[in-house]
Amino acid sequence: MGKKSEKITLREAFGIHYRAFQDIRKYCPGTFLVTALHSVIRALSPYVTIYLSARILNELAGPRRGEVLWPLVLLAIGSTALLALLSGILFRYKVAMGARYGARKNHIFADKMLSMDYADIDKTETHDTLSKIKQGENWQGWGFNRLFRFFSDFLQSVFGILGAIALTVSLFMMQVPETAGALTVLNHPVFILVFIAALAFAAGLSPMCKNKVVKYEVSCTEDALFGNRLFIAFGYMSSEPSRASDIRMHNQQVIARHYMDMDNAFSVVGKMSKLAAGPAGAWNAASGCISAGLTGMVYVFVCLKAWAGAFSVGSVSQYVGAVTALSKNISLLLETVGTMKGNVPFMKTTYQFLDIPNTMYQGSLTTEKRADRNYEVEFQDVSFKYPGSSQWSLRHVNMKFQIGKRLAVVGENGSGKTTFIKLLCRLYDPQEGQILLNGIDIRKYNYRDYMDVFSVVFQDFQLLSQPLGANVAGSSTYDRERVRKALTDAGFAQRLETMPQGLDTYLYKDLEASGVEVSGGEAQKIAIARALYKDAPFIILDEPTAALDPIAEAEIYSKFNEIAGDKTAIYISHRLSSCKFCDEILVFHAGELIQRGTHEGLLADENGKYCQLWNAQAQYYTQKAV
Ligand code: ADP
């Protein structure tokens, strides 16, 4: 967040909020239009009532003509009812739109996460910035959360001021008659100017005091963020089912309580409470006193003028109402501007995240749609290190995928297998060398198009709390037969029969009480079915069987040759026995591709890494008799 001493200019506050308004408007079409209409009606409707009741009172206090009174009364009732109705309808819409705004404004962050370079998603700073934004939103609704309110308060105050001015001008124009003696001073231009200046001063002073309160609130941000972090980390700990066993075994509630009891910003003896009881509370009270004093000044001035005979009693209610509304709206405007300034550091953090640049080159070539699946991918002297790392994770890798063949990638943990797949899927670009698809550098292809060539089951795949079929198809409308076939091919057929609503059974219980909790192994089979359903020319399984028991693993591998059909299939595995069936095996070690060949060929090289790994695993299996 910005430093306390940093001065925020009005221009900066308006500039960043105007940008925010333009950016967020696209996500919530109609929201701002409804809000604008409601604000204008809400700002102007009191004046209609004030004006018409003043006319009625003047008539009652004066000539009392029935033919004037009746139309005035009917107009007052009709217009007040109509405006109240309109305002009520618009308010309903505004509330509904506001709720939608609350949900939709988050899409801007989701879109950014999905479109940013994968390398940036990995960075701690990215997550830190995003969590600062979320915590700012949760604490007093700063950031984009405030935009809706700013917009509505800003319009309401501006139109409120314009309406009040229109009804107040005549207050200063109406002259006290010469017969009023000393009170004719009320006509004097200097007196009027001094009175207006005093009004403006008081109207400005009150929000200035309120803005001091906002500054105190903003100064608590860091403390509040820490308080929120504590709450997020420990607040719901005891109610999370996944933690239930650990908490019991390790008495974790003791340490959680220790942190929760820490003197954080939200406790009664914390910084915020002290400020509220001290200076922040005092400024708030001062603001209230000044507003009351201002109303008093208006009453005295208006009543004196009426007493001196400048206008009749009906106009007193008009002027008192209009001038009070004027000062209220000036205060609202200044408070809104002050809070906008308070929101600037939060908006800056928001844009620090949204402005993370995409530095990966995005090509525009479309990939050929080939029925023969003749997609040839080649690594040419590829070297890569992760951003911020000085170690090469891949070094001088040269290889060509054989179309339609089964390829296994093996090696110890940390040897570079997953990195190899991440580069193949262009989640990162290599620092040296290039990867080619049908002879063209993959950077030159449109990324979406390029991704269509691959179906990947990553180790850390995620399923959604959605019906099974929708999970497999990645869409709520799908070809049920194809989904069933993909699930059968992935070894899920038997389990599918026991699913209470078949393909329509919800996975997990987050959205549906009758949802089914699938085991790790079952989830993996569903993920494999999802990859099969996509039917891309390349199918990649990154340690796909890690969560499967040996029987399920054997079941999948024995069938996979057949399932993969004419696709090029790549398996990453640390269980060498799973890779025996592959046409070719790549052996990685410390980021280098050190051996390649068939299982038998590699085993023949007794001094080779593959043979060493094989013997180590064979020994393990024999000793542990797994
Ligand atoms: P494997 O899949 O064979 O277990 P990886 O490809 O995951 O190995 O890792 C290769 C090397 O790259 C390891 O030294 C690992 O520590 C490093 N590495 C992996 N991911 C990252 C990352 N996001 N940032 C920095 N280094 C990483």
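Residues numbered from 1 in each chain as written. Predicted model: local features only at pLDDT ≥ 70, side-chain atom pairs only at ≥ 80, totals over all residues. Heavy atoms only, no water.

**Let's talk about the pairing of strand 4 (residues 432-437)**
Here's step 1: Sheet analysis places strand 1 (residues 377-384) next to strand 4, joined by five bridges and oriented antiparallel. Within the sheet, the bridge partner assigned to Q380 lies in strand 4 and is Q434.
Here's step 2: Taken together, the two bridges between strand 4 and strand 5 (residues 440-441) define a ladder with antiparallel strand orientation. Bridging across to strand 5, L437 finds its partner in I440.
Here's step 3: Linkage of strand 4 to strand 5, two consecutive antiparallel strands, is achieved through a turn of two residues, within which N438 is found at a positive phi near 45°. (Pairing = 2+ DSSP bridges. Helix = DSSP H or I, 4+ residues; strand = E, 2+ residues; numbered from the N terminus.)

**Points about the packing of aromatic side chains**
Here's step 1: All told, the structure shown has 30 aromatic pairs when counted by the stated rule.
Here's step 2: For the ring pair F14 and F154, a centre distance of 5.9 Å and an interplane angle of 70° mean the geometry is edge-to-face. Of the two residues, F14 is situated in helix 1 (residues 10-25) and F154 in helix 7 (residues 144-173); the sequence distance between them amounts to 140 residues.
Here's step 3: Exposure remark for F14: the relative accessible area of 31% places this residue in the partly exposed category. (Phe/Tyr/Trp six-rings, centres within 6.5 Å; stacked < 30°, edge-to-face > 60°. Buried < 20%, exposed > 50% of the residue type's maximum accessible area, 1.4 Å probe, protein only.)

**Examining the confidence of the model for the protein**
Here's step 1: For the protein, the average pLDDT comes to 87, and 94% of its residues sit at 70 or higher.
Here's step 2: When mean pLDDT is compared element by element in the protein, strand 1 scores highest at 96, while helix 21 (residues 550-564) scores lowest at 70. (pLDDT = per-residue confidence, 0-100.)

**So, the sheet that holds strand 3 (residues 406-411)**
Here's step 1: Strand order in this open sheet of six strands is 6-7-8-3-9-10, and the pairing throughout is mixed. Looking along the sheet, the strands with just one partner apiece sit at the ends: strand 6 (454-457) and strand 10 (592-597). Ignoring strand direction, the axes of neighbouring strands in this sheet form an average angle of 15°.
Here's step 2: Here strand 6 pairs with strand 7 (residues 538-542) via four bridges, running parallel. When the bridges of strand 7 are listed, F454 appears paired with F538.
Here's step 3: Sheet contacts for helix 15 (residues 417-424): strand 3, strand 6, strand 7, strand 8 (568-572) and strand 9 (584-589); angle to strand 8, the most-contacted strand, approximately 145°. (Axes fitted to C-alpha atoms, helices over the stretch in contact; angles between N-to-C directions. Contact = heavy atoms within 4.5 Å.)

**Considerations on the site of the ligand**
Here's step 1: Lining the immediate surroundings of the ligand are D122, Y386, S393, E412, N413, G414, S415, G416, K417, T418 and T419.
Here's step 2: Within the backbone of G414, one N or O atom sits 2.8 Å away from an oxygen atom of the ligand.
Here's step 3: A distance of 3.1 Å is found between an oxygen atom of the ligand and a backbone nitrogen or oxygen belonging to G416.
Here's step 4: Tallied by class, the residues present in the shell around the ligand amount to one nonpolar, seven polar and three charged. (Near = heavy atom within 4 Å. Polar contact = N/O pair within 3.5 Å; in protein donor to acceptor, adjacent residues only side chain to side chain. Nonpolar A, V, L, I, M, F, W, Y, C, P; charged D, E, K, R; others polar.)

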